[in-house]
Amino acid sequence: MEGYYSRFDSSDLEKALSEDLAGHSTQGAHGLNYHHGPPGDEGQTFFMPCKSIMGQGAMKGAVSQIKALGHKKALIVTDAVLVKVGAVKALTETLDQSGIAYAIYDGCEPNPTCGQVEAGLKKIKEEHCDFVISFGGGSPHDCAKAIALTATNGGDIRQMEGVDKSTKPMMTMVAVNTTAGTGAEMTRFCIITDETRHVKMAIVDWRVTPTLAVNDPKTMIGMPKSLTAATGMDALTHAIEAYVSTASNPVTDACAIRAMKLISSYLPTAVEDGKNVKARDMMAYAEFLAGMAFNSAGLGYVHAMAHQLGGMYNLPHGVCNAILLGPVEKYNAKYVPELFIDIAAALGFQCGEDKDLAVTKVLECIKLLKNRIGIPKNLKAFSQVKVEDFPRLAENAMKDACGATNPHQPNKEEVIQLFQDAYDQEDEESIEVANLQQQLAAAAARCKDSALLKKAMDQLLS
């Protein structure tokens, strides 16, 4: 290859490379090339977790790794429920046996807030802790990341909103995962709710990648069905959004496709039979792979919009993603339909080169999987969600860092419509109204006589 390109002088080399990629017969599908062309002329960064322990017994295997870090006292960041049900004992008993001191901060709640981060920061100083262990799902992990980052960088966590705003490494952090979905135990993403603005802040910073990630399926067996379903759909969203992302590459594609295959195969079983260790183990690998994919490829408007629903109404993140995934991917499919061929194959549908069939199968699969595992059908299921809030939610979604890598950038009216679509989907009354509107529009197009048009409208309305 070097000899082939050596015949071009420097001024023509970039053009030659571009034309070669653009002329690839499979660009855009099958993961055999860049989906959107090379992003710039400085290469791509692939973000890796520092060290990860996976599979049955990972918790036990993590002890020697924690001791090797050489720290004296940990702040365990978790939530009160995990403490109350005794789940955290699996960690504290292991630390006790190894002579590792710790203090517990259990003030983290779903959709952690700036106030909770500040309380944890106060605790870490009072207890003189020199590293952090998060225990739980995405919320404890994100809260711990924010605490560890502000502990070393100072200031307010709000100052870290955006991309790579920190200037110093965060405290050493060990993330012990108990859910299979968020990927927060191994990514550079940290989502914190600013309770004063009612928005979720996306902190995307390579310095918030945990030092050690621990995924033991045994810690996931006690997960309720609803949480298993929500976090599993979160992982599927990560994989699909990463695959269609404008920053995707062959490495992230491989992770995303494999994650989709595992999730479509094992998520229903994990929800229906939570004690099935194989399903739990495979879902742990699936969410990790999906995390590897979006950690470098980024996400899209499913997440950009879901963050606003969580910030405004404190709705579960995974549920929001599950409800938004269909409408947003239907929108994306108008611009990159060919990418859905391999997504369909990963979900179990062989569509050949028929991209329209692939889009249909993917959207059907998302709907059927969502319904099978008990996710609400639409946003209308939540009484706190108000249609009149959609313009404000749309404005905030367009500012969210996660939307930057969506395959097409929607305008405000389109984002409002996507919220409306997610609100109305699978709602019989809304579907009936939409059909009626289409019939009225068709009647208006056929009828120039106002009297006849009025008569036709009266007939339809009756």
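Anyway, here's the lowdown on the structure attached to this text. (Residues numbered from 1 in each chain as written. Predicted model: local features only at pLDDT ≥ 70, side-chain atom pairs only at ≥ 80, totals over all residues. Heavy atoms only, no water.)

### A word on helix α11 (residues 301–313)
Helix length check: α11 (13 residues) gives 18 Å between terminal C-alpha atoms against 18 Å at 1.5 Å per residue, within 8%. With 13 of its 13 residues buried, α11 lies for the most part within the structure. Following α11 by one or two positions, Asn314 adopts a phi angle in the positive range, close to 60 degrees. (Helix = DSSP H or I, 4+ residues; strand = E, 2+ residues; numbered from the N terminus. Expected span 1.5 Å × (residues − 1). Buried < 20%, exposed > 50% of the residue type's maximum accessible area, 1.4 Å probe, protein only.)

### Thoughts on the pattern of salt bridges
Per the counting criterion, the structure on display carries twelve salt bridges. The closest approach of N and O atoms between Arg158 and Glu195, which form a salt bridge, is 4.0 Å. Of this pair, Arg158 sits in the loop between α7 (138–153) and β5 (162–163) while Glu195 is found in the loop between β7 (189–194) and β8 (199–204), placing the two residues 37 residues apart along the sequence. Residue classification places Glu195 among the partly exposed residues on the basis of a relative accessible area of 32%. Of the charged contacts in the structure, one is a salt bridge between Glu272 and Arg372, with a shortest N-O distance of 3.0 Å. You can see Glu272 sitting in helix α9 (residues 250–272) and its partner Arg372 sitting in helix α14 (residues 355–372), a full 100 residues away along the chain. On the basis of relative accessibility, which here comes to 54%, the residue Arg372 falls in the exposed class. One salt-bridge network, in which partners are shared between bridges, spans Glu118, Asp156, Arg158, Glu161, Asp194, Glu195 and Arg197. (Salt bridge = Lys/Arg side-chain N within 4 Å of Asp/Glu carboxyl O.)

### Focus: the sheet that holds strand β2 (residues 73–77)
Read across the open sheet, the six strands follow the order β1-β9-β6-β4-β2-β3; overall the sheet is parallel. With partners counted over all chains shown, the strands left at the sheet margins are β1 (52–54) and β3 (101–105), one partner each. Strand-to-strand, the axes of this sheet are offset by a mean angle of 20 degrees, without reference to chain direction. Where strand β6 (residues 173–177) and strand β9 (residues 212–215) come together, four bridges link them in parallel fashion. Across the sheet, residue Val176 finds its bridge partner in β9, namely Val214. Contacting β2, β3 and β4 (131–136), helix α6 (residues 114–126) crosses the sheet at an angle of about 155 degrees to β3. Running over the sheet, helix α10 (residues 277–297) touches β1, β6 and β9 and is turned about 155 degrees from β1. (Pairing = 2+ DSSP bridges. Axes fitted to C-alpha atoms, helices over the stretch in contact; angles between N-to-C directions. Contact = heavy atoms within 4.5 Å.)

### Brief notes about the side chain of Gln116
You can see Gln116 is positioned in helix α6. Beyond its immediate sequence surroundings of up to four residues, Gln116 is in contact with Tyr105, Gly107, Cys108, Glu109 and Cys143.

### Considering the nonpolar core
Counting residues in hydrophobic clusters, the biggest one holds 88 residues, and the most contacted among them are Met233, Leu236, Met260, Met305, Leu309, Ile343 and Phe419. No other element matches the eleven residues that α9 contributes to this core. Dropping the residues within four chain positions of it, Met305 is found in contact with Leu324, Val328, Ala397, Val415, Leu418 and Phe419. (Core = buried A, V, L, I, M, F, W, Y, C linked by side-chain atoms within 4.5 Å.)

### Looking at the side chain of His307
Topologically, His307 is positioned in helix α11. The residues contacting His307, other than those within four sequence positions of it, are Ile191, Lys200, His317, Asp400 and Cys402.

### Side note on the environment of Val319
Structurally, the position occupied by Val319 is in helix α12 (residues 317–333). Spatially, the C-alpha atom of Val319 lies 9.6 Å from that of Leu379, the residues being 60 residues apart in sequence. Excluding its chain neighbours within four sequence positions, the residues that come into contact with Val319 are Ala230, Ile375, Pro376 and Phe382.

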